[in-house]
Amino acid sequence: MSSPLRIVIVGGGTAGWMTAAALSAVFTSAQRQVRLIESSEIGIVGVGEATLPHIRFFNKRIGIDERELMAKTQATFKLGIDFRDWGRLGDSYIHPFGAYGSRAGGIGFHHYWLRARAAGNTTDIGEYSLPIVAARQNKFTQPSEDPRDVLSTFGYAFQFDASLYAAYLRGFSESRGVQRTDGKIVDVKLDGESGAVESVNLESGEVVTGDLFIDCSGFRGLLIEQALKTGYDEWTRWLPCDRAMAVPCENSGPLTPYTRATAREAGWQWRIPLQHRTGNGYVYSSRFISDDEAAAKLLSRLDGKALGTPRPLRFTAGRRRKTWNRNVIAIGLAGGFLEPLESTSIHLIQVAITTLIDYLTERTMTMGGQFDEKLVAAYNAWIEMEYDRVRDFLILHYHATERDDAPIWNYCRTMPIPDSLAHKMELFRARANVVTYKDGLFLEPSWLAVYFGQRVMPDGYDPRLDELATADVEAQLTQVREKVLLAAARMPDHETFLRSYCPATPPGASAGARA
Ligand SMILES: Cc1cc2nc3c(=O)[nH]c(=O)nc-3n(C[C@H](O)[C@H](O)[C@H](O)COP(=O)(O)OP(=O)(O)OC[C@H]3O[C@@H](n4cnc5c(N)ncnc54)[C@H](O)[C@@H]3O)c2cc1C
């Protein structure tokens, strides 16, 4: 029998521990040997607090118990994101984790709504989406599995404490045999012939060799960039924010089952409610506001008392030219950064891990670090596609604005956008068609939420609907709206549901160990 693939993970933030947890859960110890090196002296970014519904598939695939995870990370449920002041000052819309109405006669619900609107209907499309109506009422329950039930029309994600999440995953991984070393890497040794990473050398003098190195070292990209000089495609011209200030505050008011993103004078502010506190941050462009002013603005706009002083973070939107280079795969911030407006970073980590697992076939496992170039190219193309599609969706939020009250909005409203996004917007404006792909993260309801929420209105709708009487279309809409209202009324209050489903473990209790 061949020896196990020796996998070295560099970094113990969210990316490192998610990777360690997944690899140790999916592969047997005969197939892999996983070692993770992190430096408690350097620490982690620790600000990824809002997630997307796909994380539930990740948890299921690797056997994470949702209630335990939520209790130990002070988590709350998330039904979507409340965007305020993006199209115009005073606007508000929710990007829901779920559908608007349902398709009928092969035609998307939003065409019916547009048809009714053209005949004078003034309802908001959000009234036809259960996660939106429930979120506005602070309600939550888990979805039904019965596709005939309106309660099956939504998904949910979590809002959690990122440091507790990494700690939880550490316990999970160590109980599955992942070996952890706390130490600082001071040198990376490359093989003179192949240029692949041969070892990482620790400050303690220890030399750690491996077949496959996963670079989860954060923005510094210790292996992928500092050692392998892979290169970075920068996207600041479309996504101008390059800094953030983050500060938690005391909870105040009801625990909302959604994240809030409010457009500001030089970027936007997040608000993420957890069981024990509320996470806040101001993501901004250093071209349009100073650090001191951003910190002051953030502190002046908190719902509760600040728990500390704002912590500054710097970043550059973009992605590595290759996230798999030689025997190094960069996951997390080492692979690229797309700002947290749609909570996509943890999702991109998840995509990288699950794609890697699919590529680490039995054959690869026995190749001892010699990876097939075709496989590497296919992996890189996939990750590139995922990043590019998220990028376009984010740019839409900045570009589709009527705001002219601040230089950042004037810049974003008039900036040239990628052809791929321009094409999508053109098709939508022409006949309300959303270009959908087989692969990639955001599906039709997400694009509709932002288009309608930010006043990108199409010139028409599916012409087949002209055959229908206006009264029939109205009746259909009324039926959906009533069903949604009735279902929301039956849902319990978010906080009540949380307290019975996953009351938080008191701080200090051990995280992650499985019963
Ligand atoms: C302002 C902001 C807000 C965000 N909000 C969200 C959000 O709401 N949702 C979301 O999905 N994502 C969010 N993210 C992204 C999210 O924080 C990251 O994707 C996630 O935390 C992963 O980070 P990481 O593990 O790649 O890096 P890090 O957390 O930086 O971890 C790097 C690790 O590498 C180790 N390391 C580095 N150098 C060495 C060395 N020389 N020797 C040994 N170890 C070393 C460090 O000790 C650390 O353990 C946000 C990011 C920012 C900047």
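Scroll up a little and you will see the structure.
These numbers come from a predicted model, not from an experiment.

Here we look at the overall build of the chain
Okay, so step 1: Along the chain, the regular secondary structure elements total 16 helices and 21 strands.
Okay, so step 2: Taking 24 Å as the expected radius of gyration for a compact globule of 515 residues, we find that the chain reaches 24 Å, a close match to that expectation.
Okay, so step 3: Considering only C-alpha atoms, the chain reaches an extent of 75 × 50 × 50 Å along its principal axes.
Okay, so step 4: Looking at the chain as a whole, 57% of its 515 residues qualify as buried.
Okay, so step 5: If you take every contact in the chain between residues at least 6 apart in sequence, the share linking residues at least 24 apart comes to 78%.
Okay, so step 6: Accessible surface, the chain as shown: approximately 20800 Å² in total, 49% of it carbon and sulfur.
Okay, so step 7: The average position of the 58 basic charges and that of the 61 acidic charges among the side chains of the chain differ by 1 Å.

A few points about the packing of aromatic side chains
Okay, so step 1: All chains considered together, the criterion is met by 28 aromatic pairs.
Okay, so step 2: Judged by centre distance (5.1 Å) and plane angle (50 degrees), the ring pair of F109 and Y128 falls under tilted. Taken together, the residues span a long stretch of sequence, with F109 in helix 4 (residues 109-118) and Y128 in the loop between helix 4 and helix 5 (130-136) at a distance of 19 residues. Like Y128, F109 is buried.
Okay, so step 3: Between F140 and Y156, the aromatic rings sit 5.4 Å apart at their centres with planes inclined by 85 degrees, giving edge-to-face as the arrangement. With F140 in the loop between helix 5 and strand 6 (157-159) and Y156 in the loop between helix 5 and strand 6, this residue pair connects regions lying 16 residues apart in the sequence.
Okay, so step 4: Exposure remark for Y156: the relative accessible area of 2% places this residue in the buried category.
Okay, so step 5: Aromatic rings pair up to connect W113, F393, F428, F442, W447, Y451 and F452 into one cluster.
Okay, so step 6: Directly above the ring of Y156 sits R56, whose terminal nitrogen or CZ lies 3.9 Å from the centroid.
Okay, so step 7: Of note, R176 hangs over the ring of F172, and the distance from its end group to the ring centre comes to 3.7 Å.

A closer look at unusual backbone geometry
Okay, so step 1: Even without a glycine there, the phi angle at N138 is positive, about 55 degrees.
Okay, so step 2: Classification of N138 by relative accessible area gives buried; the value is 14%.
Okay, so step 3: The phi dihedral of A432 is positive, around 65 degrees, even though this residue is not glycine.
Okay, so step 4: Its place among the elements puts A432 in the loop between helix 13 (419-431) and helix 14 (444-453).

Quick word on the sheet that holds strand 12 (residues 232-234)
Okay, so step 1: Across the sheet, which stays open at both edges, the 3 strands sit in the order 12-18-21 with antiparallel pairing between neighbours. Every interior strand has two partners, whereas the edge strands, strand 12 and strand 21 (336-337), have only one.
Okay, so step 2: Examined bridge by bridge, strand 18 (residues 318-320) and strand 21 share 2 bridges and lie antiparallel to one another. Bridge pairing links R319 to G336 in strand 21.

Thoughts on the pattern of salt bridges
Okay, so step 1: According to the stated counting rule, one finds 29 salt bridges in the structure shown.
Okay, so step 2: One salt bridge connects D358 with R61, and the closest N-O pair in it is separated by 3.4 Å. Residue D358 is found in helix 9 (residues 345-359), and its partner R61 is found in helix 2 (residues 55-62); the two are separated by 297 residues along the sequence.
Okay, so step 3: Given the relative accessible area of 48%, D358 is considered partly exposed.
Okay, so step 4: Two residues, R260 and D82, come together in a salt bridge whose shortest N-O distance is 3.8 Å. One end of the pair, R260, is in strand 14 (residues 259-264); the other, D82, is in strand 4 (residues 80-84), and 178 residues separate them in sequence.
Okay, so step 5: Residue R260 is classed as buried on the basis of its relative accessible area of 16%.
Okay, so step 6: Several salt bridges converge on common partners, so that one network encompasses D82, R84, R136 and R260.

The rules behind the values
- Residues numbered from 1 in each chain as written.
- Predicted model: local features only at pLDDT ≥ 70, side-chain atom pairs only at ≥ 80, totals over all residues.
- Heavy atoms only, no water.
- Helix = DSSP H or I, 4+ residues; strand = E, 2+ residues; numbered from the N terminus.
- Rg over C-alpha atoms; globule rule 2.2 N^0.38 Å.
- Buried < 20%, exposed > 50% of the residue type's maximum accessible area, 1.4 Å probe, protein only.
- Contact = heavy atoms within 4.5 Å.
- Areas by Shrake-Rupley, 256 points an atom, 1.4 Å probe, with all protein chains shown as cover.
- Lys, Arg positive; Asp, Glu negative; His and termini not counted.
- Charge placed at Lys NZ, Arg CZ, Asp CG, Glu CD.
- Phe/Tyr/Trp six-rings, centres within 6.5 Å; stacked < 30°, edge-to-face > 60°.
- Lys NZ or Arg CZ within 6 Å of the ring centre and 35° of its normal.
- Pairing = 2+ DSSP bridges.
- Salt bridge = Lys/Arg side-chain N within 4 Å of Asp/Glu carboxyl O.

Worth remembering: the numbers are spatial, not functional.
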